[in-house]
Amino acid sequence: MSSTQSLALFERAQEVIPGGVNSPVRACKSVGASPLFIARADGCRLWDADGNEYIDYVGSWGPMVLGHRHPEVIQAIGRALEQGTSFGAPTELELELADLVVAAVPSVEKIRMVNSGTEATMSAIRLARGFTGRDVIVKFDGCYHGHADTLLVDAGSGVATLNIPGSPGVPEAVVQYTLSLPYNDIDALESLMTRRGDQVAAIIVEPVAGNMGLVPPREGFLEALRDLTARHGSLLIFDEVMSGFRVAYGGAQERYGIQPDLTCFGKIIGAGLPVGAYGGRRDVMACVAPEGGVYQAGTLSGNPLAMAAGIAALKALGRPGVYDVLEARSQRLADGLAQAADQAGIPAVFNRVGSMLGMFFNARPVSDFAAAKTCDLERFAAYYCGMLAEGIYLAPSQFEAGFVSLAHTEADIDQTVAAAARVLNSLND
Ligand code: HOZ
């Protein structure tokens, strides 16, 4: 496979873009590779600038639940485009998308559209502080809630990939109120809430953690979060940027039967266009300006192209049977990969919730960030490069999740498993 064009573009990009990329993990540094420049995508496939074809399990980091270029999404964007690209004024489209989310997610009574997951979590934190009059925020090690200053503490995703604790440029004073606990550790949570519960504005959590690889919530963890926040008058914020409309139509909160006070959404509700949103209890959302005093604004919020794409995607995802198909295809992939690793004699852990997957080169279960960090990252890098050479496009970091879409057929899954078997066997040589 030649990568001449991608390499040349990366050379040029490094001259004018920091690290040659607009988001750090894309640089592929931790797997010792160079990024592919993508020319186009269709269904579950991508083509790079050199014309090489790949089966895609990144799906633009999650939003492509329907696959790339879903016809209804493309048509909806086309129709919206004819009317104009941005008005900075209310539209019927944003109302329609809000109605769809409110109908799908019972804990969300009102919703505010923004432009990214980062903006959604940042705004939800401000709202929680404004509503409760408290300052302390609790998060979990290895969860990533975007790059707002307050939340860049022991974060996953790119921060974990680069193996840094936080970021220069974030003043100590800004994160003094952010406390981070081990994911899935109910004892640590209870102990903290007993000591400081009356100072905690909110606990924010990825109900299915997808930024330290894929780590499911252990039984009772989300229930404990709900119970402790309610008992101490703190808000529970679910960051469903990845899991919303992904692990079930109503997200992780539907799958696990837990109602948070606030929920953050991201790219999925815009079918991959730049969208985010935060929503929740009516009394809490009433504090958002102009209804209340907690300020948050944005010219591109509720952008008509993004709203149109999101409406089409949510309507398609709401059809009967969609999540059964996703579940079955994802199960087939996870089982196939586990069997391939087993036959190759390579210790590996496969975590899966719906169509979100994580593969760790580790003999022991991975249920938190500490465990994810003990995995064999060199082996992951070799696996990543081997799979890429086989035409399988994975996230270039063990601290990211993989995503199956409706466009992945059983034949695509079987092709992937066969490739993985060859690569895993070669890792043993
Ligand atoms: N941190 C993002 C996913 N967890 C990756 C963003 C990107 O590179 O597009």
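Before reading on, note that the structure itself is shown above.
Residues numbered from 1 in each chain as written. Predicted model: local features only at pLDDT ≥ 70, side-chain atom pairs only at ≥ 80, totals over all residues. Heavy atoms only, no water.

With respect to unusual backbone geometry
Line of reasoning, step 1. With an omega of 10°, the peptide bond between Ala 289 and Pro 290 qualifies as cis.
Line of reasoning, step 2. Within the element layout of this structure, Pro 290 appears in the loop between α10 (282-285) and α11 (304-317).
Line of reasoning, step 3. The residue Trp 61 is not glycine, and still its phi comes out positive at about 65°.
Line of reasoning, step 4. With respect to the helices and strands, the residue Trp 61 is situated in the loop between β3 (53-56) and α2 (71-83).
Line of reasoning, step 5. Its identity is not glycine, yet Ala 271 carries a phi of approximately 50°, on the positive side. (Helix = DSSP H or I, 4+ residues; strand = E, 2+ residues; numbered from the N terminus.)

Observations concerning the packing of aromatic side chains
Line of reasoning, step 1. The tally for this structure, following the rule as stated, stands at nine aromatic pairs.
Line of reasoning, step 2. Judged by centre distance (5.2 Å) and plane angle (75°), the ring pair of Phe 140 and Phe 221 falls under edge-to-face. Taken together, the positions of Phe 140 in strand β5 (residues 136-140) and Phe 221 in helix α8 (residues 221-232) put the pair 81 residues apart, joining distant regions of the chain.
Line of reasoning, step 3. In this structure Phe 140 comes out as buried when scored by relative accessible area, which is 0%.
Line of reasoning, step 4. For Phe 221, a relative accessible area of 0% corresponds to the buried category.
Line of reasoning, step 5. For the pair Phe 245 and Tyr 249, a centre-to-centre distance of 5.0 Å together with 85° between the ring planes defines the contact as edge-to-face.
Line of reasoning, step 6. Each member of the aromatic cluster is reached from another via a ring pair, and the members are Phe 245, Tyr 249, Phe 265 and Tyr 323.
Line of reasoning, step 7. Between Arg 40 and the ring centre of Trp 47, over which it is positioned, the NZ or CZ distance is 4.0 Å. (Phe/Tyr/Trp six-rings, centres within 6.5 Å; stacked < 30°, edge-to-face > 60°. Buried < 20%, exposed > 50% of the residue type's maximum accessible area, 1.4 Å probe, protein only. Lys NZ or Arg CZ within 6 Å of the ring centre and 35° of its normal.)

What about the site of the ligand?
Line of reasoning, step 1. Every residue close to the ligand is listed here: Ser 23, Arg 26, Trp 61, Ser 157, Asn 211, Met 242 and Glu 400.
Line of reasoning, step 2. The separation between an oxygen atom of the ligand and a polar side-chain atom of Ser 23 is 3.1 Å.
Line of reasoning, step 3. Grouping the amino acids of the shell around the ligand by side-chain chemistry returns two nonpolar, three polar and two charged. (Near = heavy atom within 4 Å. Polar contact = N/O pair within 3.5 Å; in protein donor to acceptor, adjacent residues only side chain to side chain. Nonpolar A, V, L, I, M, F, W, Y, C, P; charged D, E, K, R; others polar.)

Focus on the environment of Val 170
Line of reasoning, step 1. In this fold, Val 170 is placed in the loop between α5 (158-161) and α6 (172-175).
Line of reasoning, step 2. The class for Val 170 is buried, based on a relative accessible area of 16%.
Line of reasoning, step 3. In sequence terms Val 170 and Ala 148 are 22 residues apart; their C-alpha atoms lie 9.2 Å from each other.
Line of reasoning, step 4. Setting aside residues up to four positions removed in sequence, Val 170 forms contacts with Asp 149, Leu 152 and Val 175. (Contact = heavy atoms within 4.5 Å.)

A look at the pattern of salt bridges
Oppositely charged side chains can form a pair if their charged atoms are brought close together.
Line of reasoning, step 1. Tallied over the full model, the rule gives 15 salt bridges.
Line of reasoning, step 2. Residue Asp 261 is joined to Arg 226 by a salt bridge in which the shortest nitrogen-to-oxygen separation is 2.9 Å. Placement of Asp 261 in the loop between α9 (251-256) and β9 (262-265) and of Arg 226 in helix α8 is noted, with a sequence separation of 35 residues between them. Taken as a pair, Asp 261 and Arg 226 share a single burial class, namely buried.
Line of reasoning, step 3. Put simply, Arg 332 and Glu 410 hold a salt bridge, and the shortest N to O gap is 3.6 Å. (Salt bridge = Lys/Arg side-chain N within 4 Å of Asp/Glu carboxyl O.)

Describing the sheet that holds strand β12 (residues 356-360)
Line of reasoning, step 1. Taken together, the three strands give an open sheet; going across it, the order is β11-β12-β14, and neighbouring strands pair in antiparallel fashion. Pairing within the sheet leaves two strands with one partner each, and these edge strands are β11 (349-353) and β14 (402-403).
Line of reasoning, step 2. Across two bridges, β12 lies against β14 in antiparallel orientation. Looking at the pairing, Met 356 lines up with Phe 403 of β14. (Pairing = 2+ DSSP bridges.)

With respect to the pairing of β3
Line of reasoning, step 1. As paired elements, strand β2 (residues 45-48) and β3 share three bridges and run antiparallel to each other. If you follow Trp 47 over to β3, its bridge partner there is Glu 53.
Line of reasoning, step 2. From the end of β2 to the start of β3, which pair antiparallel, there are four residues, and Gly 51 there has a positive phi angle of about 85°.
Line of reasoning, step 3. For β3 and strand β13 (residues 392-393), the ladder comprises two bridges, and the chain directions are parallel. Across the sheet, Ile 55 pairs through a bridge with Ile 392, a residue of β13.

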